[in-house]
Amino acid sequence: MPYEWIAAAPVPAAAADAVTAELHLWPYRSLPRRGFVAFIAATCLLLLLPLIAVLGSPVLWALLPFLVAAVGAVWWALSRSYRDGEVLEVLRLAPGTVTLSHRPARGASREWQANPYWVELQSYDSGGPVPHYLTLRGAGREVEIGAFLSEDERRALKPELQRALSRLRAPAAP
């Protein structure tokens, strides 16, 4: 799953602003960095195979710039895809506040805060932009969470978020 819960140690009553749990969400990467290197190497090898037939002729020099440009274009496109996928959302749950920070690949970061007692998790199973669209509502705003997750991932995340918010709202035992 392209998200991870980071649980903090139990929070003493005096530390009302201490984070009790964090949820980190990021887009799924189907091609890891090691796979990127292997793909570029395989592309180079496959593009060099036709050049064997023209070794020693002037045709080699006519084809070579186009093959180098093709490998460069594939490299650029994959690198751009990695940069566009550097999105990170962090949901911090603390006794007095719930904070959602969204850091896009380009542009300014956005942040939303609300009191955990008034935060409501909404799931639009069929009425949102995507199936099982998740939002957090509170402090007069409704913000989406995990827009880049797949439908199954959003469906799995919903009960986890509900449990975490319920634990946060539960009164502390004396």
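Here, the structure is the one placed above.
Now for a description of the structure that goes with this document. Worth saying up front: this structure is predicted, and the values here are computed from it rather than measured.

**Describing the sheet that holds strand β6 (residues 120-124)**
Read from one edge of the open sheet, 3 strands run β6-β7-β8, paired in antiparallel fashion. The open sheet is flanked by β6 and β8 (141-144), the only strands paired with a single partner. If you compare each strand with its neighbour and ignore which way they point, the axes differ by 30° on average. Note that strand β7 (residues 133-138) and β8 share 4 bridges and pair antiparallel. Across the sheet, the residue bridging to Leu 136 is Val 143, located in β8. Across the sheet, helix α3 (residues 151-169) touches β6 and β7, and the angle it forms with β6 is around 165°.

**Comments concerning the layout of surface pockets**
Looking at the second largest pocket, its volume works out to about 170 Å³. Listing elements by their share of the lining of the second largest pocket, those giving two or more residues are β4 (97-103), β5 (110-114) and β8. Looking at the lining of the second largest pocket residue by residue, the class counts come to 3 nonpolar, 1 polar and 5 charged.

**Topic: unusual backbone geometry**
Notably, His 132 is not glycine yet its phi reads approximately 60°, a positive angle. Mapped onto the elements of the fold, His 132 is located in the loop between β6 and β7. When its relative accessible area of 16% is taken as the criterion, His 132 is described as buried. Located in the positive-phi region is Ala 139, a residue other than glycine, with phi close to 55°. Note on placement: Ala 139 falls in the loop between β7 and β8.

Reading the values: the criteria
Residues numbered from 1 in each chain as written. Predicted model: local features only at pLDDT ≥ 70, side-chain atom pairs only at ≥ 80, totals over all residues. Heavy atoms only, no water. Pairing = 2+ DSSP bridges. Helix = DSSP H or I, 4+ residues; strand = E, 2+ residues; numbered from the N terminus. Axes fitted to C-alpha atoms, helices over the stretch in contact; angles between N-to-C directions. Contact = heavy atoms within 4.5 Å. 1 Å grid on protein atoms, 1.4 Å probe; cavity = no way out; pocket = protein on both sides within 12 Å on 5 of 7 lines; lining within 4 Å. Points joined across faces, edges and corners; volume = space filled by probe spheres on them. Nonpolar A, V, L, I, M, F, W, Y, C, P; charged D, E, K, R; others polar. Buried < 20%, exposed > 50% of the residue type's maximum accessible area, 1.4 Å probe, protein only.

Such coordinate-based values are descriptive only and should not be taken to indicate function.
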